[in-house]
Amino acid sequence: MAQPDFDEIIDRTGTHCSKWDDMQAIYGVSPGDGIAMWVADMDFRPPAPVQRAVEAMAAHGIYGYPGANPDYVGAIRWWMDSRHGWQVEPEWILSAHGLVNGTAICVDAFTQPGDRVIVMTPVYHAFARVIRASGREVAEFPLALQDGQYRMDWEGWQRLLTGRERMLILCSPHNPGGRVWSAEELRQVADFCAAHDLILVSDEIHHDLVMPGSPRHRVLATVVPEAAPRLVTLTAATKTFNIAGAHIGNLIVADEGLRKRLQGRLMALGISPGLFGPGMVAAAYSPEGAAWVDALVAYLDGNRRLFDEGVNAIPGIRSMPLQATYLAWVDFSGTGMERAEFTRRVEQGARIAANHGGTFGTGGEDFLRFNIATPRARVAEAVARLQEAFRDLQ
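Residues numbered from 1 in each chain as written. Predicted model: local features only at pLDDT ≥ 70, side-chain atom pairs only at ≥ 80, totals over all residues. Heavy atoms only, no water.

Along its length, the protein chain carries 15 helices and 14 strands. Taking 21 Å as the expected radius of gyration for a compact globule of 394 residues, we find that the protein chain reaches 21 Å, a close match to that expectation. Its C-alpha atoms put the protein chain at 60 × 60 × 40 Å along the principal axes. The 394 residues of the protein chain split such that 55% are buried. For the protein chain, the share of sequence-separated contacts (at least 6 apart) that also reach a separation of at least 24 residues comes to 75%. The protein chain carries 36 positive and 46 negative side-chain charges, and their two centres are separated by 2 Å. (Helix = DSSP H or I, 4+ residues; strand = E, 2+ residues; numbered from the N terminus. Rg over C-alpha atoms; globule rule 2.2 N^0.38 Å. Buried < 20%, exposed > 50% of the residue type's maximum accessible area, 1.4 Å probe, protein only. Contact = heavy atoms within 4.5 Å. Lys, Arg positive; Asp, Glu negative; His and termini not counted. Charge placed at Lys NZ, Arg CZ, Asp CG, Glu CD.)

Now the structure itself:
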């Protein structure tokens, strides 16, 4: 495999790309001189086998209704086994139009309007969006911030229960905090759901993006196999290989009863995979794709170290230690500034578009989230701009 060129600057403006083409309207940051560090996709091309697969499908020239794709299912099974030690049966795998859609299908299938769905905040903002849009109530269970990292607050959470909770959505690894949950923490989550009769949805989309030297990601289904009767595991190739536009993700469900309920909702809503997504996934989940991921993670680790060193040198600003994902979660509370002030400095001073922490729920108010999955020169420029924007603190 040729070494990927993650240093290549690829101009994504004018391609109907949310990350670059929408940041002027949302953040007031021009793509002409700004840096897009918000939407969680990468500024890298996917591995060569994915490109070849797309080109082959395009060259065929007929884009009719797709049928069953055993290569797609087989590739998912191979990847989960070889990379995560998880043996998945073919019938366990259901497909949705990405994992936000997969989360919404779970909420629709297993809860009723007015039910409460637990999320551990701050957490990926799309969870709350689909819960509220479905007429359910978001139950925010704040994580505890201890020694610079998030911990689960079981004692505090017991006091937040009302009896109307029907589901818990776990983000593993955690976005935006970058935590890799331990096997013991995963057992505690499963025990909590069993004790309170909650469906457990484990979103593991970032499972391939674990930094060197960090604890390895553990698939909850392998740590707590007895959780199967209440467990839905969400996985996707889209985050790992930068193919989110394919809008395809997996709902992996060992329990037949849960699986039939999900299948019923997928059928009722007319949801099935398109033509290109399964082919892209089958190409990505391959030995060549695996080698590309290994190179990617090493590169991201270099970006992480560069970003953290530069940002943590600014007094009062601290980037949370990143164990997984490519999303730096930066705490500005030590500056003593109001949220509007540090946000203004980042957007208008440094001309960087970063996610506002408050959108991730309770506990995120003093943070911004920065996507470092971009060429290293751009990360270095972002660091220099941030240091300049907060120069008076140094």
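Spatial ordering of the open sheet is given by β1-β13-β14-β12-β11, a layout of five strands whose pairing is mixed. One side of each edge strand has no neighbouring strand; the edge strands of this open sheet are β1 (35–37) and β11 (318–319). In the sheet, β11 pairs with strand β12 (residues 327–331) via two bridges, with the strands oriented antiparallel. Bridge assignment links S319 to a residue of β12, and that residue is V330. Against the sheet, helix α15 (residues 376–389) makes contact with β1, β13 (352–356) and β14 (367–371), and its axis sits at roughly 100° relative to β1, the strand it touches most. (Pairing = 2+ DSSP bridges. Axes fitted to C-alpha atoms, helices over the stretch in contact; angles between N-to-C directions.)

Counting buried positions along strand β7 (residues 165–171) yields six of seven residues, so the element is predominantly enclosed. By the bridge criterion, four bridges tie strand β3 (residues 116–119) to β7 in an arrangement that is parallel. Along β7, the bridge assignment pairs V117 with M167. Pairing of β7 with strand β8 (residues 199–203) involves five bridges; the strand directions are parallel. Among the inter-strand pairings, L170 is bridged to a residue of β8, identified as S202. In this fold, the crossover linking β7 to β8 by way of helix α8 (residues 183–195) has right-handed handedness. (Right-handed = clockwise from strand over helix to strand, strands pointing away.)

Our focus in this paragraph is the nonpolar core. Core analysis: the largest hydrophobic core is formed by 95 residues, its most contacted members being L168, L170, F307, F370, L386 and F390. When residues in this core are grouped by element, the largest group, ten residues, is from helix α13 (residues 287–312). Leaving out residues up to four positions away in the same chain, F390 has contacts with I314, I317, F332, M337, F342, R345 and V346. Ranked by size, the runner-up nonpolar core spans 30 residues in total, among them L99, A109, I205 and L262. (Core = buried A, V, L, I, M, F, W, Y, C linked by side-chain atoms within 4.5 Å.)

The next point concerns the pattern of salt bridges. Scanning the model with the defined rule gives 24 salt bridges in all. With a closest N to O distance of 3.0 Å, D41 and R12 form a salt bridge. You can see D41 sitting in the loop between β1 and α3 (48–60) and its partner R12 sitting in the segment before α1 (18–21), a full 29 residues away along the chain. Side by side, D41 and R12 carry an identical accessibility label, which is buried. The salt bridge partner of E381 is R385, with a shortest N-O separation of 2.8 Å. Highlighted residues: E381 and R385, both in helix α15, separated by four residues, approximately one helical turn. Residue E381 is classed as partly exposed on the basis of its relative accessible area of 36%. Under the relative-accessibility criterion, R385 is labelled buried at 15%. (Salt bridge = Lys/Arg side-chain N within 4 Å of Asp/Glu carboxyl O.)

What follows deals with the side chain of H84. Within the element layout of this structure, H84 appears in helix α4 (residues 70–84). H84 sits in the buried class, given a relative accessible area of 11%. Not counting the four nearest positions on each side in its chain, H84 is found in contact with W79, H207, D208, H217 and V219.

Before going further, it helps to examine the sheet that holds strand β10 (residues 249–252). With mixed pairing, the seven strands of this open sheet are ordered in space as β2-β10-β9-β8-β7-β3-β4. A single partner strand is all that each edge strand has here, and the edge strands are β2 (93–96) and β4 (137–140). Sheet twist, expressed as the mean angle between neighbouring strand axes with direction ignored, is 25°.

We now examine the packing of α13 against α15. Taken N-terminus to C-terminus, the directions of α13 and α15 make an angle of 10°; their axes are 9 Å apart at the nearest point. Considering their axes alone, α13 and α15 lie roughly parallel with respect to each other. Residue-level contacts link Y299, G302, N303, L306, F307, G310 and V311 of α13 to R376, V379, A380, V383, L386 and Q387 of α15. Its residues assigned to classes, the contact of α13 with α15 comprises eight nonpolar, four polar and one charged. (Parallel < 35°, antiparallel > 145°, perpendicular 65-115°, else oblique. Nonpolar A, V, L, I, M, F, W, Y, C, P; charged D, E, K, R; others polar.)

Regarding helix α14 (residues 339–349), the residues found buried are F342, T343, R345, V346 and E347. Lining the buried residues of α14 we find α2 (23–27), β13, β14 and α15. Looking one or two places after α14, you find R351, whose phi comes out positive at around 55°.

What follows is about the packing of α3 against helix α12 (residues 276–284). Their axes nearest at 8 Å, the elements α3 and α12 cross at an angle of 145°. Of the two elements, α3 crosses α12, and the hand of that crossing is right-handed. Along the contact surface, α3 presents P49, V50, A53, V54, M57 and A58, while α12 presents F276, G279, M280, A283 and A284. In terms of residue class, the contact of α3 with α12 is made up of ten nonpolar, one polar and no charged. (Left-handed = near helix turned anticlockwise from the far one by under 90°.)

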